[in-house]
Every structure is written in C-alpha cells, then in structure tokens.
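Structural overview
Listed below, chain by chain, are the residues.
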Amino acid sequence: MNIKQNIAVSGAGMIFNPDTGETFTVNPIGAEIINGIKEGNSLKEVQEKISSRYTVEPSTFQNDSEDFINLMRNFLLIEDGD
Amino acid sequence: MVTKRKLNIAVSGLNAIDSPGPGVAVIRALREAKSFDCKIIGLAYESLEPGIFMHNLVDKTYQIPYPLAGIDAIMERIEYIHAKEQLDIIIPNFDSELYPFIRLEPKLKEMGIHMCLPTMEQFEERHKMNLNEFGEKYGIHVPKSKNISSSSEIKDISKDFKYPVLVKGKYYDAYVAYNADQVKTYYNKISAKWGLPIIIQEFVHGTEFNVTGLGDGLGNTIAAVPMRKQYITEKGKAWGGISVADKKMLELTDLFISQTKWRSGFELELMKDKENKFYLLEINPRMPAWIYLSVGVGQNIPEALVNLAMGETVEPFTEYTVGKMFVRYAWDMIVDIKEFHAISQEGEL
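Residues numbered from 1 in each chain as written. Chains lettered and ligands numbered in written order. Predicted model: local features only at pLDDT ≥ 70, side-chain atom pairs only at ≥ 80, totals over all residues. Heavy atoms only, no water.

For the rest of this paragraph, the subject is the overall build of chain B. When you go through chain B residue by residue, the secondary structure sums to 11 helices and 14 strands. For chain B, whose C-alpha radius of gyration is 20 Å, the value lies close to the compact-globule estimate of 20 Å for 349 residues. For chain B, the spread of C-alpha atoms along the principal axes amounts to about 65 × 45 × 40 Å. When the 349 residues of chain B are sorted by exposure, 53% land in the buried category. Within chain B, residue pairs in contact and separated by at least 24 positions form 64% of the contacts whose partners lie at least 6 positions apart. Only carbon and sulfur atoms are counted for the fraction: they give 51% of the accessible area of chain B, which is about 16200 Å². Charged side chains in chain B number 41 positive and 46 negative. The centres of these two groups are separated by 3 Å. (Helix = DSSP H or I, 4+ residues; strand = E, 2+ residues; numbered from the N terminus. Rg over C-alpha atoms; globule rule 2.2 N^0.38 Å. Buried < 20%, exposed > 50% of the residue type's maximum accessible area, 1.4 Å probe, protein only. Contact = heavy atoms within 4.5 Å. Areas by Shrake-Rupley, 256 points an atom, 1.4 Å probe, with all protein chains shown as cover. Lys, Arg positive; Asp, Glu negative; His and termini not counted. Charge placed at Lys NZ, Arg CZ, Asp CG, Glu CD.)

As structure tokens, then:
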C-alpha cells in the first residue's frame, strides 16, 4: 500500500490530487499518518510510532487509522500493490 | 535591441458578465504575448459590454452588427474598421459569430486579415445537434441525445430517456428537467431565445471537467490544458477552477484533434462518472472564458493561435503547471457617461 506518488501533502495537512483536482484537509494526526507512509514506512510502523507518542489505546488507534486509510482508498489517494 | 512586431488584433466577446464571453481573457493573454506586441480593437454588440471600458486592455472598440444581420452587413462594418485600423487578425469569440466569419474568411484574407477558425465542416459536425453521430464516428463516449422541434414530442421523451434530462439550446443554455412539465417550460424558454431544435440529452451524474486546447489543422495538438470546475454558478459557469493532470483527458483531446484535424482554439466539456469514464458533453468551437488559466500554467493559447493565424509554424507545448487555480471576480468600473454616449451613438469608443 502506498500513497499515490503524485499526491501533494502540505505541512498544514492539505492534500491535493493532481489527477482529479480534488483537495482534502486532514488533521495533524492524519497528516502524520500520510507523511509516515510517504516516507516508506508500513502502516504498522506508523501506528506504533504515533501511538507511542500519544495517550491512546493501541487497538483504538489501529482501528481509527485503518478507517482513515480506507477513506483515503475510497478517494483514490492510495494505490495498493507490492 | 530587438523590436517585436506589432499586430492589430480585433477581438469580440467583451461581455465580461455573469455568463462571460472569452474576449477580455483572450486580450489579457495577448497583452502578455512574448512573440509580438499588439493593438487591441474590441468588437462589441452591446453598449454595456464591460470590455469596451477597459482602456488598459482594449485600445479602441467598434460596435458591429449581430450575426443575424447577415454577412454583408458584417463585411461592410469590418471594411470600415479595417480602413481605420489596418487589422492583421480577427478573433471571433462567440459560437454564433463563427458561421459568418468562416464564410467571410477568404474575402478577409484577400484584405490581409487573418483568422484561425475551424472549417465549416468541422464547425457543423461538432454541433450539439450532431453529437451522437460525432461520438460514433470518432469513437468518443457521448451521452445519448435527441433533437426535438415540436412541443408535441415532449411526451415521448420518457420512452427514450430516464428523468432527469438536460434540455439544451442549439447555441447556449442548458437546464436540468425532472419531468415533462419542466421540459416544456425550458423548451419554451430556450426556443424563444435561440430557436429550434431543442436538444434533449441524457443526464450523466459526475464531476465536471473542461479541456481547452488548440489544434493546428493538421491533426497536431499545439496546446491542451485540463481543468476541474471548483465553483460553478447557477448558470453552470466555472467561477473557479484548477488545472489537473489526468492523462485520460489529454488522450481524449489528442484523439479529438487527430481525428477531426481541428484547426483553432476549442473547449471540450466533459463529465467523469463514478466508474471514472469520461463523457464528452459538448465541443465549444472557440476559446473559453477561463482561457487565461492557460497563460497561468505556461501555455499562452491565444498567443499561439495568433501565430497560427499568421501562418507561422508553432511548436506544440509539452507541459503545463498542475494545481494552478483561477478564481473569477466581479469588479465595478466607474465610467463617464460621455463614453457610454460615444459607443451608443457613434458606435465606437
């Protein structure tokens, strides 16, 4: 699973999909997840890193972050592959 | 120091109103041309077209007769303007002007006035009324449509279409109708303004995209800029948009140009449905009102069109900036009544 290569994410959490012209806003945690994956980490690694820094049940964060990824998938921001 | 050549360019479509003509945007692009300087001669139909009073963009404006007045009346007026301004080029920016100007092209050329227009065949073929045949001939998805010329045909629409449907005029205007009563209302409204036939078109749900481009008449794409509408007015006009990178739209544009050998600027109106399939809704045979975005992304289409009109070889643009937006705005100009009198009474300003 990868964030599509040409997707642009600003520091403030604005996402721009150049293929469709759509823009999205994500909160700081969303931006951290996206940037973590863009840097080449697996979702699991990103989940571990983020949940170690915040007071959150790992299972809760795992569910929430997977929902978030599914939402990104629905908006065609993620490509699944090798 | 190299002096740039100076061209006298006449431009119509100065009605920068809520459903704007492309003229003012075209002129802004021409003012930024790198390959020539220009004197801009505005061609206006009405005395309150805003471009007439934009003296930083338009050097001189002349009123011209409506296309309905016939080509002789138009020719007479152009001869008068040419005697005063020594026109090099005319850029007509309304669909309804193209028919007379295409017919006048050989005569104008003899006078030394150049244009970059589609052929009459191309102009007719892409007409909304002929879109079904056009799609079939060139292998392009188009929504199903039917022309009706009598209100008695409205009751049969439900046999061929599922409501809602689009009710369109042959030149301008389009409304969504959810039942036969609404079709009848729009049929009367549009036919009173633009005549018959009225086009009934399948309503495709999806996201609206437009591509503006330029073909050289030999099948080559000189320019192509796809845009997603971000803010749409009640009249369906883009009030804001963003350049996008979708390759499918560029392929569709190349297909359109290579198949038709389109010569001139154009706008493709597209709808992308849930399955990411593009439907071609309309082909506008001239540059759109948002053409200045092409300058913003690095493809000055009006400049390239002028160079094509002048018979020069124009190298195709190969790239553009993705993610550039345009946001339109309204602006109140303060105009002295003397200027309004001059254009209203003398027909020039």
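Now, onward.
With that settled, the discussion passes to the sheet that holds strand β11 (residues 238–243) of chain B. All names here are of chain B. Spatial ordering of the open sheet is given by β13-β12-β9-β10-β11-β14, a layout of six strands whose pairing is antiparallel. Only two strands of the sheet have a single partner each, and these edge strands are β13 (278–284) and β14 (325–327). Direction aside, neighbouring strands of the sheet carry axes that sit 30° apart on average. With respect to the sheet, helix α10 (residues 301–309) is in contact with β9 (207–216), β10 (221–232) and β12 (263–272), its orientation differing from that of β9 by roughly 30°. (Pairing = 2+ DSSP bridges. Axes fitted to C-alpha atoms, helices over the stretch in contact; angles between N-to-C directions.)

For the rest of this paragraph, the subject is the pattern of salt bridges. Residue and element names in this part refer to chain B. The full count for this structure, using the stated rule, is 18 salt bridges over all chains. Salt-bridge contacts for R286 lead to D95; the nearest nitrogen and oxygen are separated by 2.6 Å. One end of the pair, R286, is in the loop between β13 and α9 (292–296); the other, D95, is in helix α3 (residues 95–110), with 191 residues separating them in the sequence. The class for R286 is buried, based on a relative accessible area of 13%. Where K193 meets D173, a salt bridge forms, and the shortest distance between an N and an O atom there is 3.9 Å. Taken together, the residues span a long stretch of sequence, with K193 in helix α7 (residues 180–194) and D173 in the loop between β6 (165–168) and β7 (174–177) at a distance of 20 residues. Assessed through its relative accessible area of 56%, K193 is described here as exposed. Each of K60, K84 and E348 takes part in salt bridges that share partners, so that together they form one network. (Salt bridge = Lys/Arg side-chain N within 4 Å of Asp/Glu carboxyl O.)

This next bit is on empty space enclosed by the protein. Residue and element names in this part refer to chain B. Overall, the coordinates contain one cavity of 30 Å³ or more when judged by the stated rule. As a volume, the largest cavity reaches approximately 80 Å³. Lining the largest cavity we find 14 residues, and of these P92, C116, L117, S264 and L305 sit closest to its centre. Considering only residue class, the lining of the largest cavity consists of 10 nonpolar, three polar and one charged. (1 Å grid on protein atoms, 1.4 Å probe; cavity = no way out; pocket = protein on both sides within 12 Å on 5 of 7 lines; lining within 4 Å. Points joined across faces, edges and corners; volume = space filled by probe spheres on them. Nonpolar A, V, L, I, M, F, W, Y, C, P; charged D, E, K, R; others polar.)

With that settled, the discussion passes to the interface of chain B and chain A. With 12 residues of chain B in contact, the opposing surface of chain A contributes seven residues. For the pairing of chain B and chain A, the buried interface totals around 640 Å² over both sides, and the portion due to carbon and sulfur atoms is 54%. Applying the counting rule to chain B against chain A returns one salt bridge. For E22(A), the salt bridge goes to R228(B), with nearest N and O atoms at 3.9 Å. Of the residues that constitute the side of chain B that touches chain A, the class distribution is five nonpolar, four polar and three charged. (Buried area = accessible area lost by both parts, 1.4 Å probe.)

This part takes up α7(B). Residue and element names in this part refer to chain B. Spanning 15 residues, α7 covers 20 Å between terminal C-alpha atoms, matching the ideal 21 Å at 1.5 Å per step. All buried positions along α7 are accounted for by V183, Y186, Y187, I190 and S191. Seen from one end, α7 has its buried residues packed into an arc of 125°, which puts them on one side. Residues of α7 that are exposed and angled more than 90 degrees away from the buried face: D181, A192 and K193. On the buried face of α7, the contacting elements are β5 (145–148), α6 (157–160), β6, β7 and β8 (198–202). One side-chain oxygen at the N-terminal end of α7 lies 3.2 Å from the backbone nitrogen of D181; it belongs to N179. Immediately downstream of α7, the backbone of G195 shows phi near 80°, a positive value. (Expected span 1.5 Å × (residues − 1). Arc of directions from axis to C-beta. Polar contact = N/O pair within 3.5 Å; in protein donor to acceptor, adjacent residues only side chain to side chain.)

That is the geometry; function is a separate question.
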